[in-house]
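Residues per chain are reported as follows:
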Amino acid sequence: SFTFRREQDLSSLIEAGGAISFNLRSTNVGQTFDVRFVDIEQDDMKPWRMSYSIDKKDFIADGEWHTVVIPFSAMRETGAWVSKDASWHNAENKFSWRHVKALQFIAESNRIMSDIYIDNIQLITVSDAKN
């Protein structure tokens, strides 16, 4: 998990057809995990999550490095966990790319049972991906 010191406005990346890119290496064929951005939690703002689930369709678990590129347009809002009152809120289409507080790589639905390595995390635009 990467928590930014200040909330980040990533809206210009959305407008430019942005994506998150990273290198991934694993030998665990059945491994799944989520990549998600989380909004800031303050006042009336809930920490909405914009997520993408990584699984075998996204990388080959052969122990070699593979580049994974997830367009922001492929991500979906998956709800919010409000820590101040320990409550879950189902998705309401309220995630804001203008108020991102964290980037998380998290095994939400299962444990990481084997090796998994993530490196070279980048936020890119479509033009970056073509180069």
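Residues numbered from 1 in each chain as written. Predicted model: local features only at pLDDT ≥ 70, side-chain atom pairs only at ≥ 80, totals over all residues. Heavy atoms only, no water.

Caption draft 1: Representation of the overall build of the protein chain within the structure. Along its length, the protein chain carries 2 helices and 9 strands. Mapped from its N terminus to its C terminus, the protein chain presents α and β elements in the order β-α-β-β-β-β-β-β-β-β-α. Taking 14 Å as the expected radius of gyration for a compact globule of 131 residues, we find that the protein chain reaches 15 Å, a close match to that expectation. For the protein chain, the spread of C-alpha atoms along the three principal axes comes to 45 × 35 × 25 Å. Classification of the 131 residues of the protein chain by burial places 39% in the buried group. At a minimum sequence separation of 6, the contacts of the protein chain that also span at least 24 residues come to 78%. When the accessible surface of the protein chain is split by element, carbon and sulfur atoms take 48% of a total near 7,800 Å². (Helix = DSSP H or I, 4+ residues; strand = E, 2+ residues; numbered from the N terminus. Rg over C-alpha atoms; globule rule 2.2 N^0.38 Å. Buried < 20%, exposed > 50% of the residue type's maximum accessible area, 1.4 Å probe, protein only. Contact = heavy atoms within 4.5 Å. Areas by Shrake-Rupley, 256 points an atom, 1.4 Å probe, with all protein chains shown as cover.)

Caption draft 2: Structural detail: the side chain of Asp 58. Secondary-structure assignment places Asp 58 in the loop between β4 (48-54) and β5 (66-71). One polar contact links Asp 58 to Lys 57, side chain to side chain, over a distance of 2.9 Å. Excluding residues that lie within four positions of it along the chain, Asp 58 makes contacts with Tyr 52, Ser 53 and Val 68. (Polar contact = N/O pair within 3.5 Å; in protein donor to acceptor, adjacent residues only side chain to side chain.)

Caption draft 3: Representation of the packing of aromatic side chains in the model. Applying the stated criterion across every chain yields a total of 5 aromatic pairs. Relative to Phe 105, the ring of Phe 22 lies with its centre 5.2 Å away and its plane at 85 degrees, an arrangement referred to as edge-to-face. You can see Phe 22 sitting in strand β2 (residues 19-26) and its partner Phe 105 sitting in strand β8 (residues 100-106), a full 83 residues away along the chain. A single burial state applies to Phe 22 and to Phe 105, both of which are buried. When the ring of Phe 95 is compared with that of Trp 97, the centres are 4.9 Å apart and the planes differ by 80 degrees; the resulting orientation is edge-to-face. Grouping residues by exposure puts Phe 95 and Trp 97 together as buried. Here the aromatic cluster, defined as three or more aromatic residues joined through ring pairs, consists of Phe 37, Phe 72, Phe 95 and Trp 97. (Phe/Tyr/Trp six-rings, centres within 6.5 Å; stacked < 30°, edge-to-face > 60°.)

Caption draft 4: Summary view of the pairing of β2. Burial analysis of β2 places 7 of its 8 residues in the buried class, the great majority of the element. As judged from the 6 bridges shared by β2 and β5, these two strands associate in the antiparallel manner. Across the sheet, residue Asn 23 finds its bridge partner in β5, namely Thr 67. (Pairing = 2+ DSSP bridges.)

Caption draft 5: Inspection of the nonpolar core at higher detail. Counting 24 residues, the largest nonpolar core has Ile 20, Phe 22, Val 35, Phe 37, Ile 54, Ile 70 and Trp 97 as the members making the most contacts within it. Where this core is concerned, the elements lending two or more residues are β2, β3 (33-39), β4, β5 and β8. For this core, the element with the most residues is β4, which contributes 4 residues. (Core = buried A, V, L, I, M, F, W, Y, C linked by side-chain atoms within 4.5 Å.)

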